[in-house]
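Here is how the chains run, residue by residue.
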Amino acid sequence: MVAVIVALALGSPALFGIATFVGLLVTPSVDDMPRRVDAILKQHGGTRVHLNDIPDQLSEALIAIEDIRAVMTDLYRHRALEGGSTLSQQLMKVVYMNNDDDGWRKPENLLLALKVEARFDKHTILENYFNAVYYGHGAYGIGMAAEIYFHRVPGQLDLARASMLAGLPQSPSYYDLYRNPCSARARQFNVLAQMAHDGYISQKAATAAYAEPIGFPCK
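Residues numbered from 1 in each chain as written. Predicted model: local features only at pLDDT ≥ 70, side-chain atom pairs only at ≥ 80, totals over all residues. Heavy atoms only, no water.

1. With respect to helix α10 (residues 159–166)
Of all the 8 residues making up α10, 8 are buried; the element is thus mostly covered by neighbouring parts of the structure. By the burial criterion, the buried members of α10 are Leu159, Ala160, Arg161, Ala162, Ser163, Met164, Leu165 and Ala166. Tucked into the core, α10 has its buried residues touching α4 (56–65), α9 (142–150), α11 (181–197) and α12 (203–211). (Buried < 20%, exposed > 50% of the residue type's maximum accessible area, 1.4 Å probe, protein only. Helix = DSSP H or I, 4+ residues; strand = E, 2+ residues; numbered from the N terminus. Contact = heavy atoms within 4.5 Å.)

Shown next as structure tokens:
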């Protein structure tokens, strides 16, 4: 009670800091995050793909299209509370929140993301994101997605296929490669354009990858 009164006297930033501190205390530990991801994979018949076995272009495609900046930066700019979404927040939504971060659960999602950012390095978070998220058509994790859609292991994905898969987890049903190939192709275009904008690839490489036939034409 004393802390709340002091915070009120100091103004809302202090109160926000105290609320964050308390929230971090009451939310569960995230130490078991990798084990939870492995459990998801086991439940659906998948196996973990290590980051060393994922092509750099796939990681770059994901980073380009998703916001991977530190959650702490988002917190103090209030971006996360206004709908910004980092990979850490998405990972926590899948692993700890049963894909439910609506309404009152958004602060919980943010606090869990803060914890995971403090506990694990970016490479660990990225690897577990690739293995935890759903890509549609029963594909849990990048290993199953690469096999189901392209009959390849992740290490064999070229830029065209990597840019397609990187865009699917945001909305697997809307970007369904079999039912909505035009929407999926539009998403792929956005991924490639953002990769070129961020300097990961040239515009020429982006154009070539988008033109490459990968089995899901937009008719």
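2. Concerning helix α8 (residues 122–132)
The buried fraction of α8 is high, at 8 of 11 residues. In this fold, the buried residues of α8 make contact with α3 (33–43), α4, α6 (87–95), α7 (106–119) and α9. Sitting at the head of α8, Asp121 places a side-chain oxygen 3.0 Å from the backbone nitrogen of His123. (Polar contact = N/O pair within 3.5 Å; in protein donor to acceptor, adjacent residues only side chain to side chain.)

3. So, the pattern of salt bridges
Tallying each qualifying case throughout the model produces 8 salt bridges. The closest approach of N and O atoms between Asp32 and Arg36, which form a salt bridge, is 2.9 Å. Where Asp158 meets Arg161, a salt bridge forms, and the shortest distance between an N and an O atom there is 2.8 Å. One continuous salt-bridge network, built from bridges that share partners, spans Asp38, Arg48 and Glu127. (Salt bridge = Lys/Arg side-chain N within 4 Å of Asp/Glu carboxyl O.)

4. Side note on the packing of aromatic side chains
Inspection of every chain in the model, using the stated rule, returns 8 aromatic pairs. A centroid spacing of 4.5 Å and a plane angle of 40° characterise the contact between Tyr134 and Tyr140, whose relative ring orientation is tilted. For Tyr134, a relative accessible area of 31% translates into the label partly exposed. Their ring planes at 75° and their centres at 6.3 Å tell us that Tyr149 and Phe216 sit as a pair that is edge-to-face. Of the two residues, Tyr149 sits in helix α9 while Phe216 sits in the segment after α12, which places them 67 residues apart along the sequence. For the pair Tyr149 and Phe216, a shared accessibility class is recorded, and that class is buried. Through a chain of ring-to-ring contacts, three or more aromatic side chains come together here, namely Tyr149, Phe150, Tyr178 and Phe216. Sitting above the plane of the Phe150 ring, Arg161 keeps its charged end 5.6 Å from the centroid. (Phe/Tyr/Trp six-rings, centres within 6.5 Å; stacked < 30°, edge-to-face > 60°. Lys NZ or Arg CZ within 6 Å of the ring centre and 35° of its normal.)

5. A short note on the side chain of Glu66
As for its placement among the helices and strands, Glu66 is situated in the loop between α4 and α5 (71–77). A distance of 3.1 Å separates a polar atom in the side chain of Glu66 from a polar atom in the side chain of Gln90. For Glu66, the residues in contact, after removing those within four places along its chain, are Leu87, Gln90, Tyr129, Gln170 and Arg187.

6. So, the side chain of Gln188
By the element assignment, Gln188 lies in helix α11. Setting aside chain neighbours within four positions, we find Gln188 in contact with Ala160, Ser163, Met164, Ala209, Tyr210 and Ile214.

7. Some words on the packing of α3 against α6
The N-to-C vectors of α3 and α6 enclose an angle of 60°; their axes lie 10 Å apart at closest approach. Accordingly, the angle class assigned to the pair α3 and α6 is oblique. Where α3 crosses over α6, the two elements pack in a sense that is left-handed. Contacts between α3 and α6 involve Met33, Arg36, Val37 and Ile40 from the former and Leu91, Met92, Val94 and Val95 from the latter. Its residues placed into classes, the contact of α3 with α6 shows 7 nonpolar, no polar and 1 charged. (Axes fitted to C-alpha atoms, helices over the stretch in contact; angles between N-to-C directions. Parallel < 35°, antiparallel > 145°, perpendicular 65-115°, else oblique. Left-handed = near helix turned anticlockwise from the far one by under 90°. Nonpolar A, V, L, I, M, F, W, Y, C, P; charged D, E, K, R; others polar.)

8. Comments concerning the confidence of the model for the protein
Regions with low pLDDT should not have their predicted coordinates read in detail. When pLDDT is averaged across the protein, the result is 84; 78% of the residues are at 70 or more. Taken together, the stretch residues 1–10 has pLDDT below 50 and engages in 5 contacts with residues farther than four places along the chain or on a different chain. Contacts from residues 69–84, a stretch scored under 50 in pLDDT, to residues over four places away or in other chains number 31 contacts. (pLDDT = per-residue confidence, 0-100.)

9. Looking at the state of the cysteines
Summed over the entire model, instances satisfying the criterion amount to 1 disulfide. Each sulfur of the disulfide joining Cys182 and Cys218 lies 1.9 Å from the other. Between Cys182 and Cys218, the S-S dihedral sits near 95°, and the bridge is therefore right-handed. Of the two residues, Cys182 sits in helix α11 while Cys218 sits in the segment after α12, which places them 36 residues apart along the sequence. (Disulfide = S-S within 2.5 Å.)

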